[in-house]
Amino acid sequence: MVMRNRAAWLPWALPSIVLVTVFFLAPFLLNVRFAFSSWTSFRAEITWNGLENFRTLIDQDLLANAVTVTVLYAILCMAIQNTVSLSLALALQRTSRINTVFRSAFFLPTLISPLAAGYIWRGLLAPDGAVNSFLGIEWAWLGEPSTALAVVAFIDAWKWSGLITLVYIAGLNSIPKSLLESATVDGAGPWTRFRRVVFPMLAPALTFNVAVTLVGALSAYDVIAATTGGGPGDHTRALNVVMRQQWGQGFFGSASALGFTVTLLVIATAVPLVWWLRRREVAG
Amino acid sequence: MRAVLKYTALTLFAIPWVLVPIWLVVVNSFKPAGEAAELGLGLPRTWAIAENYGIVLDRGGYLTGLVNSLKVTVPIVVAVVFLGAAAAWAFGRSRSRWLQAAYFVMGLSILLPPSIIPTVYLLRALSLDGGSLGYVLAMTGCRLGIVIFLATGFVRAFPRDLEDAAAIDGASRPQVFVRILLPLLRPVLFVGGVILIINVWNDFFFALFLLQGSANATLPLSLFQFASGTLQSLNWNLVFAHVLLTTLPLVAVYVVAQKRVLAGLTEGALKG
């Protein structure tokens, strides 16, 4: 029969394969080369130079700080986002009219661009802004080294929390009711039920959300561009921020090296995380 | 009693989380520059709606941005959804080793961040740099993976009897695709499409590298250029007016499709 003919499947996948190969895979492979190449706006010729780009970035005290900032940012963002979203999902799990209204309201920040989210919170958190006047203090949230990074990560988490909440609700609703009922019959209280039944059963949603939020936050740029631009000093200068600066100054090789560092961080985070969470999922 | 407590807590949380940020934007976009600089939450003492929005439409490049955003978002979403669905059908049904290897690359493209600098290099080599077409192609190539991955799971979970029966009845492959596959994949394509629209409409990072000049600027780019143009002290009234106008099209779509979006995301996202 026609449908079993193997070669006949290729045309259906071909446009996608071509697009992904040319615009994802090829740039990915080229980046590995550019990261170890001398390439600037002053000398257009691209030549292999080993670890020179990384050495230059380290000598300028740019690399270690950018990696630290990026990793901290990602962890903070992931923690805030998942705490808020899981709490909201537990509160809004049941589909009722009032819960739908709340779900809908909490989804709104997801529609706002990260850039716009940055401007909005920069306004709210200004020294003479609404947050400070409510708290009765005067604090430059985005200007003080001690709070800037956490606040920027918070804004990123705020923007995405609505979507992650919905993924958690989907996960919660896929838990069989009978399991919870039998736990209740066996005398388990709400906390025990959450710890012993809900939490382990939530593993697929948790895997997905933790991985997605961490990996996404490693590519942080937009919120930082709209709020601190990397400051105060270099306290929010994440890898992509330095990359953009290097690119702007014409150091294309160094910029590629920074992009490659993001990729390495993503691999280093995602592979063990997915593996570990998957194993827990099976064991749980 | 517990329900009352719960919804009071939720409301108290929703006020600073959702209401105040939106209110800040709306109310300050109505104020003259000096008043908006106080960043207060009170009603305007002097109203400056027409002036502010006039300036954003005129000098903020809003209309150009709107057209450009539509010009890239629509083709990307259409291409990703339909090409993704077609590829998912092939990946879900074919046992060819080559296609399975290609499917693995699709999976990689979800996890790994796109390499933006080589993308600029590549588009330059193809003489496609700076314009909408290069951006659409690059964005499509980087976003196809997730839709293909979700939809392939769906195809695999579904028995092929229907397709076989239609083929025996003489339906051609394109007919089977349109009449059976697309309706079958509708929930997952809808969810993928929604996330994609939000993603592409709000994209700033890709646009910053790939779109050159204000003639090609999408809304996030024009917002950034507009806000950075007055870097000394932001003209908050104008920035907020721009933020509101930039977000409005998505909010309008969301209000209309709200029920399906929420239901789709809570029910269809993780299946398959």
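Definitions and limits used
- Residues numbered from 1 in each chain as written.
- Chains lettered and ligands numbered in written order.
- Predicted model: local features only at pLDDT ≥ 70, side-chain atom pairs only at ≥ 80, totals over all residues.
- Heavy atoms only, no water.
- Domains from an automatic or database assignment.
- Phe/Tyr/Trp six-rings, centres within 6.5 Å; stacked < 30°, edge-to-face > 60°.
- Helix = DSSP H or I, 4+ residues; strand = E, 2+ residues; numbered from the N terminus.
- Buried < 20%, exposed > 50% of the residue type's maximum accessible area, 1.4 Å probe, protein only.
- Lys NZ or Arg CZ within 6 Å of the ring centre and 35° of its normal.
- UniProt positions renumbered as here; feature names shortened; annotations may be inferred.
- Polar contact = N/O pair within 3.5 Å; in protein donor to acceptor, adjacent residues only side chain to side chain.
- Expected span 1.5 Å × (residues − 1).
- Bend = angle between axes of the 7 residues up to and from the residue.
- Salt bridge = Lys/Arg side-chain N within 4 Å of Asp/Glu carboxyl O.
- Patch = residues over 30% accessible without salt bridge, like charges linked within 9 Å, V, L, I, M, F, W, Y side chains within 5 Å.
- Areas by Shrake-Rupley, 256 points an atom, 1.4 Å probe, with all protein chains shown as cover.

Engineer: I keep staring at the domain arrangement of chain B and nothing clicks. Help me out?
Structural biologist: How big an interface is tends to be stated in terms of accessible area lost as the parts join. According to the domain assignment, chain B contains domain 1 (1-47) and domain 2 (62-217 + 254-268). Domain 1 of chain B and domain 2 of chain B are separated by 37 Å when their C-alpha centres are compared.

Engineer: Just checking my understanding: could you explain the packing of aromatic side chains for this structure?
Structural biologist: Pairs of aromatic rings are described using the distance from one ring centre to the other and the angle between the two planes. Inspection of every chain in the model, using the stated rule, returns 33 aromatic pairs over all chains. With 5.8 Å between their ring centres and 40 degrees between their planes, Phe106(A) and Phe13(B) make a pair best called tilted. Placement of the pair is Phe106(A) in helix 4 (residues 97-111) and Phe13(B) in helix 1 (residues 2-28), with the two residues belonging to separate chains. Of the residues examined, Phe106(A) reaches a relative accessible area of 2% and is grouped as buried. Measuring from centroid to centroid gives 5.5 Å for Trp121(A) and Trp158(A), while their planes differ by 75 degrees, and the two rings are edge-to-face. Of this pair, Trp121(A) sits in helix 5 (residues 114-124) while Trp158(A) sits in helix 7 (residues 148-173), and the two are 37 residues apart along the sequence. Each member of the pair Trp121(A) and Trp158(A) is classed as buried. Each member of the aromatic cluster is reached from another via a ring pair, and the members are Phe34(A), Trp39(A), Tyr221(A), Trp247(A), Phe252(A), Tyr121(B), Phe204(B), Phe205(B), Phe209(B) and Phe224(B). Sitting over the face of the ring of Phe209(B), Arg244(A) holds its NZ or CZ atom 4.7 Å from the ring centroid. Between the NZ or CZ atom of Arg260(B) and the centre of the ring of Phe190(B), over which it lies, the distance is 4.3 Å.

Engineer: It is not clear to me how the UniProt feature "transmembrane region" (unreviewed entry) in chain B should be interpreted in this structure. Could you clarify?
Structural biologist: Residue and element names in this part refer to chain B. Here, UniProt's "transmembrane region" (unreviewed entry) annotation points to residues 7-26, 72-91, 103-123, 135-155, 176-198 and 236-257. The span residues 72-91 shows a helical share of 100% and a strand share of 0%, and its end C-alpha atoms are spaced 27 Å apart. This span, residues 236-257, is 100% helix and 0% strand, and a straight line between its end C-alpha atoms measures 31 Å.

Engineer: Before we go on, may I ask you to explain the side chain of Asn28(B) in this structure?
Structural biologist: Here Asn28(B) lies in helix 1. Looking at Asn28(B), its side chain comes within polar contact range of the main-chain oxygen of Gly40(B), at 3.2 Å.

Engineer: Explanation requested: helix 7 of chain A in the structure shown.
Structural biologist: Residues lying three or four places apart along an α-helix face the same way, a consequence of the helix completing one turn every 3.6 residues. Residues and elements named next belong to chain A. A rise of 1.5 Å per residue sets the reference length of helix 7, with its 26 residues, at 38 Å; its end C-alpha atoms lie 37 Å apart and thus fit the reference within 8%. The axis of helix 7 is deflected most strongly, by about 50 degrees, at Ser161. Among the 26 residues that make up helix 7, 22 are buried, leaving the element largely enclosed by the rest of the structure.

Engineer: When you look at the pattern of salt bridges in this model, what are you seeing that I'm missing?
Structural biologist: Close approach of charged atoms allows side chains with opposite charge to pair. All told, the structure shown has six salt bridges over all chains when counted by the stated rule. Between Arg55(A) and Glu52(A) there is a salt bridge whose closest N-O contact spans 3.2 Å. With Arg55(A) and Glu52(A) both in helix 2 (residues 52-59) and three residues apart, the pair spans about one turn of that helix. Overall, the relative accessible area of 45% leaves Arg55(A) in the partly exposed class. Across the pair Glu163(B) and Arg93(B) runs a salt bridge whose closest N-O atoms are separated by 2.7 Å.

Engineer: What's the story with the environment of Glu51(B) in this structure? I'm lost.
Structural biologist: Residue and element names in this part refer to chain B. Within the secondary structure, Glu51 sits in helix 3 (residues 49-58). Its relative accessible area of 48% is what places Glu51 among the partly exposed residues. Linking Glu51 and Leu238, residues 187 residues apart in sequence, is a C-alpha distance of 9.4 Å.

Engineer: Can you walk me through a nonpolar patch on the surface in this structure?
Structural biologist: Residue and element names in this part refer to chain B. On the surface, Trp23, Leu41, Leu43, Trp47 and Ile49 cluster together into a nonpolar patch covering about 490 Å² of accessible area. Note that Leu41 resides in the loop between helix 2 (33-36) and helix 3. A residue is classified by how much of its surface remains accessible, and Leu41, at 31% relative accessible area, is partly exposed.

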